[in-house]
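# Fold and geometry: a report
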There are 2 protein chains.
Amino acid sequence: MNKQISKRTLYRLPVYLSLLQEKAKEGVEYISATSIANILGLNHVQVRKDLSCASSAGRPKVGYETKVLIKDLQNFLDYNNTKDAVIVGAGGLGKALLGYDGFKSYGLNIVAAFDVNSALCGKQINGKTIFHVDKLPELTKRMNIHIGIITAPAENAQSICDTLVKSGVLAIWNFAPVSLTVPRGIIVQNENMATSLAILSNKLNEVLRG
Amino acid sequence: MNKQISKRTLYRLPVYLSLLQEKAKEGVEYISATSIANILGLNHVQVRKDLSCASSAGRPKVGYETKVLIKDLQNFLDYNNTKDAVIVGAGGLGKALLGYDGFKSYGLNIVAAFDVNSALCGKQINGKTIFHVDKLPELTKRMNIHIGIITAPAENAQSICDTLVKSGVLAIWNFAPVSLTVPRGIIVQNENMATSLAILSNKLNEVLRG
DNA sequence: CTCTTATTGATATTTTTTTATCGATAATTT
DNA sequence: AAATTATCGATAAAAAAATATCAATAAGAG
């Protein structure tokens, strides 16, 4: 526990967590690194190593207690501390994310949305109001929000990003297919669907051709 | 060109492509690996190596001709060959993806959507009809579709996945937060938002604490 | 025309990540 | 009670990826 955490490990921890939650639902009380590895198509040593960063609940011959491991992972991933966020861009994707209740379990609380389209303003989705972007700086500052989610079209993404940064946002989850330029210290996580698609497509080609 | 392509490189190629397309729009005719690396926060040798997998258009002192590089990347990523796909789950996210026209430029053509909710069936979004899932096997087989996109709730994802596989789908783009079990040879690409979020959150914590 | 500079692309080195091996441990079987 | 087995966790080895170095090249400056 508390070893240095590698980027890749951090990538996999939420995947383990999600699997464990499924298994817990099914009533699985104990689970071994070997079986996790088999299900996810990973190496069992890797799984054990990854888990050791967040937990120390493993017992020889038995494996990990599902519930304890879930708790440890949630704790490590900071899913218990709720973090407020705003969405900018209330188009299709923005609305979809607003309507999705699953983020709560990841410790993300979307408090409001913003859009340039006045026709959308004042509307509520899933109990969350859509405001005009003009109100973004004030509201974001006042509520001390540090996470911004950009679901606007590519051409507006950079200026929205700039506004978010000026308004005190430190971390940006970017769904627009552009590379944002940010000041040093600001975090950008790109949700790049093109990349996923490229990998899928590449693998599919191998199957179809090879 | 035509060297062995690593997973990581494949991950980055669409990112380069997207940046290059931006730059091309701005009228940039030539671009160097160094400047790409600076913009994206990567190492310039890495960029050069990555690009060499897909193109051989670089000239010393000048860099790459933007248009040629874009073409080479699109070609390498097979964005010119259109691949048909179906979406299963016409909830918020499914509708958002149906309404998004950007996939065309990645060679993905969503031909139809399916849902269990009869109320949605028959409706059209962005010119694409929503059918009842009962019709999925027949339609998918008849149209010889190899890609399925799952945007259904987690609890339905596995059974949808099974149906897709039975219907001849070879590659699945999974937006549901579950790990799907598939027969050998079937490709699954998980669009795991929890993972992105975990990384964002982790980095943010470092900033806030450190 | 020569020198300087920015760049490519190849090779070498370093770092990171993954995988293999092995002893320790605890549950189960004989 | 001893042997067997499934597992963990640590360390070692191997593989993959990232980065550094350097010769070659071509554009532009002097």
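Structural notes, computed from the coordinates. The shown structure was predicted, so the numbers you read here are calculated from the model rather than taken from an experiment.

Opposite the 54 residues of chain B that make contact, chain A presents 54 residues. Buried area between chain B and chain A, summed over both chains or domains, comes out near 5000 Å², and the portion from carbon and sulfur atoms is 68%. Three residues, B:M193, B:L197 and B:L200, lead the burial of chain B against chain A; their summed loss comes to 13% of the area buried on that side. The interface formed by chain B and chain A includes 10 residue pairs in polar contact (both at pLDDT 80 or more). Breaking the side of chain B that touches chain A down by element, the ones donating at least two residues are α1 (7–25), α2 (33–40), α5 (92–99), β8 (171–174), β9 (187–190) and α8 (193–209) of chain B. The greatest single-element share of the side of chain B that touches chain A, amounting to 16 residues, is contributed by α8(B). In terms of residue class, the side of chain B that touches chain A is built from 35 nonpolar, 12 polar and 7 charged.

All names here are of chain B. As enumerated under the stated definition, the model contains 10 aromatic pairs over all chains in all. With 5.5 Å between their ring centres and 55° between their planes, Y79 and Y106 make a pair best called tilted. Linking Y79 in the loop between α4 (66–76) and β3 (83–88) with Y106 in the loop between α5 and β4 (108–115), this pair joins segments that are 27 residues apart in sequence. Note on accessibility: Y79 and Y106 belong to one class, buried.

On to the protein's contact with DNA strand C, then. By nearness alone, 23 residues border DNA strand C, and A:R12, A:Q46, A:R59, B:A33 and B:R48 come closest of all. Among all atoms of DNA strand C positioned within 4 Å of the protein, those belonging to sugar or phosphate total 66%. B:A33 places a polar main-chain atom, nitrogen or oxygen, 2.9 Å from a phosphate oxygen of DNA strand C. B:Y64 places a side-chain nitrogen or oxygen 3.1 Å from a phosphate oxygen of DNA strand C. Among the secondary structure elements, those contributing two or more residues to the surface near DNA strand C are α1 (7–25) and α3 (44–54) of chain A together with α2 and α3 (44–54) of chain B.

What counts and what doesn't
Residues numbered from 1 in each chain as written. Chains lettered and ligands numbered in written order. Predicted model: local features only at pLDDT ≥ 70, side-chain atom pairs only at ≥ 80, totals over all residues. Heavy atoms only, no water. Contact = heavy atoms within 4.5 Å. Buried area = accessible area lost by both parts, 1.4 Å probe. Polar contact = N/O pair within 3.5 Å; in protein donor to acceptor, adjacent residues only side chain to side chain. Helix = DSSP H or I, 4+ residues; strand = E, 2+ residues; numbered from the N terminus. Nonpolar A, V, L, I, M, F, W, Y, C, P; charged D, E, K, R; others polar. Phe/Tyr/Trp six-rings, centres within 6.5 Å; stacked < 30°, edge-to-face > 60°. Buried < 20%, exposed > 50% of the residue type's maximum accessible area, 1.4 Å probe, protein only. Near = heavy atom within 4 Å.

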